[in-house]
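For reference, the chains in residue letters:
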Amino acid sequence: MKRALITGVTGQDGSYLAEFLLEKGYKVFGLRRRTSTPNYENAMKIRDRIEWVSGDLTDLASLIEAVRLSDPDEVYNLAAQSYVAASWPQPITTGHITALCVTNMLEAVRIAKPDARFYQASSSEMFGKVLEVPQKETTPFYPRSPYGVAKVYGHWITVNYRESFGMYACSGILFNHESPRRGLEFVTRKITDGVARIKLGLQAELRLGNIDALRDWGYAGDYIKAMWLMLQQEEPDDYVISTEETHSVKEFLETAFSFVGLDYRDYVVLDSRFVRPAEVDLLIGDCSKAKQKLGWKQEVSFSELVHMMVAEDIKRVRAEISY
Ligand code: GDP
């Protein structure tokens with residue numbers, strides 16, 4: 001039975017990945033940071049099916065112990081301060097967790113289980129003010145937020161441990177990926193939650209920032225499969241994972257509101273509080289390497305994704321009302 005250790009297991013990707021690995025017969029260990037009120041909202045399906053190990057990304061000793069205890073074949077490092085907008089008011093925390101702590105995790109693996117395979121969650125935000133369209137593995141980075149800058153460090157330290165110590169370490173450059181489990185502050189989930197609340201009469205308007213931004217949005221449930229595939233190859237490597245399509249926030253709005261028979265222009269209010277100090281205007285990935293070498297492909301389309309998210313939010317908000 002293969003063993004996997006996941007950091008960030010209570011997040012969107014971590015919870016889908018844990019379900020996927022359990023399905024494959026893995027013994028799954030989830031790193032859990034001590035908090036006074038733990039949040040298992042995303043992890044309901046796995047809560048009693050995985051082994052929880054205590055540890056904190058900022059504390060190397062705890063990570064070494066977690067790796068020793070779990071004795072993993074595969075380590076997925078998904079934990080981070082993952083919200084771009086929060087990285088301006090908290091640039092040091094973001095740098096500490098999202099950048100430096102990748103080294104903590106790599107060190108823990110190098111010290112306690114050097115032949116474990118390691119996955120680092122890199123991000124399309126590293127491309128920022130894009131230097132090439134579409135973006136692929138060889139496109140130079142130009143991050144536009146403290147978050148993007150931190151992810152560039154995490155990316156290169158992973159490459160460096162592979163080259164320095166011969167570790168099987170991969171970096172997955174994943175473009176935006178969403179689902180009904182996406183955090184409510186991200187634009188997609190903010191919109192689908194807003195649509196549900198407006199449709200059910202709980203909210204009158206939806207306040208947003210730059211709705212001209214373009215993103216390559218895929219489904220998280222498809223993307224976690226690519227993480228696993230990266231760790232099943234003969235040689236470790238880095239891969240872009242994307243849908244190869246770009247859509248504006250406006251198009252996301254149109255699709256989500258029209259799903260419930262409404263026009264977004266009647267409800268959306270532009271609010272400068274949600275405009276960022278520096279913006280990533282356009283992201284579109286070229287994932288031909290992943291298609292060819294990993295045999296990976298996206299299964300859920302843009303409109304299926306939007307519909308899935310709106311439908312789930314309507315169900316959830318309805319249940320809240322009747323509760
Ligand atoms: P990101 O690509 O990781 O930053 O994902 P987000 O979902 O947070 O943001 C995607 C895009 O939506 C960015 O270009 C934001 O500037 C834009 N956007 C416009 N209005 C909002 C808003 O109210 N909240 C968020 N999170 N993003 C917004």
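This text gives an overview of the structure that appears in the document.

Rules used in this analysis
- Residues numbered from 1 in each chain as written.
- Predicted model: local features only at pLDDT ≥ 70, side-chain atom pairs only at ≥ 80, totals over all residues.
- Heavy atoms only, no water.
- Salt bridge = Lys/Arg side-chain N within 4 Å of Asp/Glu carboxyl O.
- Helix = DSSP H or I, 4+ residues; strand = E, 2+ residues; numbered from the N terminus.
- Near = heavy atom within 4 Å.
- Polar contact = N/O pair within 3.5 Å; in protein donor to acceptor, adjacent residues only side chain to side chain.
- Areas by Shrake-Rupley, 256 points an atom, 1.4 Å probe, with all protein chains shown as cover.
- Pairing = 2+ DSSP bridges.
- Axes fitted to C-alpha atoms, helices over the stretch in contact; angles between N-to-C directions.
- Core = buried A, V, L, I, M, F, W, Y, C linked by side-chain atoms within 4.5 Å.
- Buried < 20%, exposed > 50% of the residue type's maximum accessible area, 1.4 Å probe, protein only.
- Contact = heavy atoms within 4.5 Å.

1. Comments concerning the pattern of salt bridges
- One pass over the structure, following the stated rule, counts 25 salt bridges.
- When the shortest N-O distance is used, the salt bridge between Lys291 and Glu244 registers 2.6 Å. Placement of Lys291 in helix 8 (residues 288-294) and of Glu244 in the loop between strand 11 (239-241) and strand 12 (247-248) is noted, with a sequence separation of 47 residues between them.
- Among the ionic contacts, a cluster of salt bridges with common partners joins Arg189, Asp193, Arg197, Asp313, Arg316 and Glu320.

2. Brief notes about the site of the ligand
- Near the ligand you find 18 residues, and of these Glu125, Lys190, Arg215, Arg276 and Glu279 are the closest.
- Tyr83 is positioned with one of its side-chain polar atoms (N or O) 3.3 Å from a nitrogen atom of the ligand.
- Here the ligand has 530 Å² of accessible area as a free molecule, and 98% of this is covered by the chains.
- Going through the elements one at a time, helix 5 (187-199) and strand 8 (206-208) are the ones with two or more residues in the shell around the ligand.

3. Thoughts on the sheet that holds strand 1 (residues 3-7)
- Within the open sheet, the 7 strands sit side by side as 3-2-1-4-5-6-11. Their pairing is parallel. A strand with exactly one partner marks an edge of an open sheet, and here the two such strands are strand 3 (51-54) and strand 11. Neighbour-to-neighbour, the strand axes of the sheet open up by a mean angle of 25 degrees, direction not taken into account.
- Direction of pairing for strand 1 relative to strand 4 (residues 74-77): parallel, over a ladder of 4 bridges. Among the inter-strand pairings, Thr7 is bridged to a residue of strand 4, identified as Asn77.

4. Quick look at the nonpolar core
- Core analysis: the biggest nonpolar cluster contains 73 residues, and Leu21, Tyr76 and Leu253 have the highest contact counts within it.
- The leading source of residues in this core is helix 6 (residues 220-230), at 8 residues.
- The contact partners of Leu253, leaving out residues within four places of it in the chain, are Ile191, Leu206, Leu208, Ile211, Tyr264 and Val268.
- Counting 23 residues, the second largest nonpolar core, distinct from the first, contains Ile64, Ala108, Phe118 and Ala169.

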